[in-house]
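Coordinate analysis (summary)
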Amino acid sequence: MLYKKPKVKRQEKVMKNLVLIRHGESEWNLANRFTGWTDVDLSEKGVKEAKNGGIQLKKDGFDFDICYTSYLKRAIHTLNNVLFEMDREWLPVVKSWKLNERHYGALQGLNKSETSQKYGEDQVKIWRRSFDIQPPALEENDDRNPALQEQYRGEDRSVLPLTESLKDTIARVIPYYENVILPEILKGRRVLIAAHGNSLRALIMYLDGLSEKEIIEVNVPTGIPLVYTLTDDGKAQGKRYLGNQEEIEAKMKAVAAQGKAK
Ligand SMILES: O=C(O)[C@@H](CO)OP(=O)(O)O
């Protein structure tokens, strides 16, 4: 018999992975300074964390077709180190300032503990983790105004921030995700996003459908791959951090504690 009727298989929902990674420890994470759009590099430990992230992804059998990152070198260098360890430096990488860290306004450069000693831990937690309260803004004529920086020279000045709340960050991260990244995922491309504590919190809030209260307690550890399982239409089904869960828990607590007066 030449033709055998194929057995009909039950149609299974195709699951897709989306991997997020926060940059490794930066020089200003190490110095415990508010960073935002300040373009500081990774610390030595941060480079190791990024490399370990890549080693872990490779060990767990992950592969990607396209990567996204911000305009800030701590995220770009993290992605480069991950891709180096995976022998995937040839992958296409798309950069956008829409994935930048939340703009921390006039707090940028200040030490988080000293700021807590001066203004109180409660105020610092509001600045760090409230949903819609902006830190004090930069002056227009401040050198740190993105409108005066080369990286943003192609942008309409009116869309560039002088400070941002998480809500403001969501207003740029999520449209970028929905309009640029999600269509690639839906086409079946395996996506890796290397970004920042608060631009990833914006994405996590959206993917997990968290409330304004729930997102307050979410802290993203540096250099640890976060794997989302998505349904074939892009809805998040679950997520997990790769690696030693106790270490990851300790890293999240350390991020939360950065605002302590000590
Ligand atoms: O300083 C920053 O830009 C961010 C990330 O490092 O800090 P925080 O965790 O305080 O929001």
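Residues numbered from 1 in each chain as written. Predicted model: local features only at pLDDT ≥ 70, side-chain atom pairs only at ≥ 80, totals over all residues. Heavy atoms only, no water.

Per an unreviewed UniProt entry, the protein goes by 2,3-bisphosphoglycerate-dependent phosphoglycerate mutase and derives from Johnsonella ignava ATCC 51276. Comment text from UniProt for the protein, heading Pathway (unreviewed entry), reads "Carbohydrate degradation; glycolysis; pyruvate from D-glyceraldehyde 3-phosphate: step 3/5." Here is the UniProt Catalytic activity (unreviewed entry) comment for the protein, exactly as written: "(2R)-2-phosphoglycerate = (2R)-3-phosphoglycerate". (UniProt positions renumbered as here; feature names shortened; annotations may be inferred.)

**Some details on the packing of aromatic side chains**
Each pair of aromatic rings is reported with the distance of its centres and the angle of its planes. Evaluated as defined, the whole model comprises seven aromatic pairs. Both rings, one in Tyr 177 and one in Tyr 206, keep their centres 5.8 Å apart while their planes meet at 70 degrees; by these two values the pair is edge-to-face. Here Tyr 177 is found in helix H6 (residues 166-186), whereas its partner Tyr 206 is found in helix H7 (residues 197-208), with 29 residues between them in sequence. The buried category is assigned to Tyr 177, whose relative accessible area is 1%. Members of the aromatic cluster, each reached through a chain of ring pairs, are Trp 37, Tyr 71, Trp 97 and Tyr 152. Across the ring face of Tyr 104, the terminal group of Arg 102 is positioned such that the distance to the ring centre comes to 4.3 Å. (Phe/Tyr/Trp six-rings, centres within 6.5 Å; stacked < 30°, edge-to-face > 60°. Helix = DSSP H or I, 4+ residues; strand = E, 2+ residues; numbered from the N terminus. Buried < 20%, exposed > 50% of the residue type's maximum accessible area, 1.4 Å probe, protein only. Lys NZ or Arg CZ within 6 Å of the ring centre and 35° of its normal.)

**Here we look at the nonpolar core**
In terms of nonpolar packing, the biggest core is built from 33 residues, with Leu 18, Leu 20, Tyr 177 and Ile 193 touching the most fellow members. When contributions to this core are tallied by element, the ones reaching two or more residues are strand E1 (16-22), strand E2 (66-69), H6, strand E4 (191-195), H7, strand E5 (225-230) and helix H8 (245-257). Here this core gets nine residues from one element, more than from any other, and that element is H6. When neighbours within four sequence positions are excluded, Leu 18 is seen to be in contact with Tyr 177, Ile 185, Val 191, Ile 193, Leu 207, Leu 226, Val 227, Tyr 228 and Leu 230. Membership of the second largest hydrophobic core comes to 15 residues, among which are Ile 21, Phe 64, Leu 79 and Val 82. (Core = buried A, V, L, I, M, F, W, Y, C linked by side-chain atoms within 4.5 Å. Contact = heavy atoms within 4.5 Å.)

**Quick word on the site of the ligand**
By nearness alone, every residue bordering the ligand is listed as Arg 22, Asn 29, Arg 33, Phe 34, Thr 35, Gly 36, Glu 101, Tyr 104, Lys 112, Arg 128, Arg 129 and Asn 198. Separating an oxygen atom of the ligand from a backbone N or O atom of Thr 35 is a distance of 2.8 Å. In this structure, an oxygen atom belonging to the ligand sits 2.8 Å away from a side-chain N or O atom of Lys 112. Calculation on the ligand without its partners gives an accessible area of 310 Å², and the protein chains cover 99% of this total. (Near = heavy atom within 4 Å. Polar contact = N/O pair within 3.5 Å; in protein donor to acceptor, adjacent residues only side chain to side chain. Areas by Shrake-Rupley, 256 points an atom, 1.4 Å probe, with all protein chains shown as cover.)

**Quick look at the side chain of His 196**
Within the secondary structure, His 196 is located in the loop between E4 and H7. For His 196, a relative accessible area of 0% puts it in the buried group. Apart from residues no more than four positions distant in its own chain, His 196 is found in contact with Arg 22, His 23, Ser 70, Leu 72, Arg 74, Ala 75, Leu 99, Asn 100, Glu 101 and Arg 201.

**Digging into unusual backbone geometry**
Of note, the phi angle at Asn 32 is positive, near 55 degrees, even though the residue is not glycine. For Asn 32, a relative accessible area of 10% gives the class buried. A positive phi is found at Lys 262, a non-glycine position, where the angle reads about 75 degrees. Tracing the chain through its elements places Lys 262 in the segment after H8.

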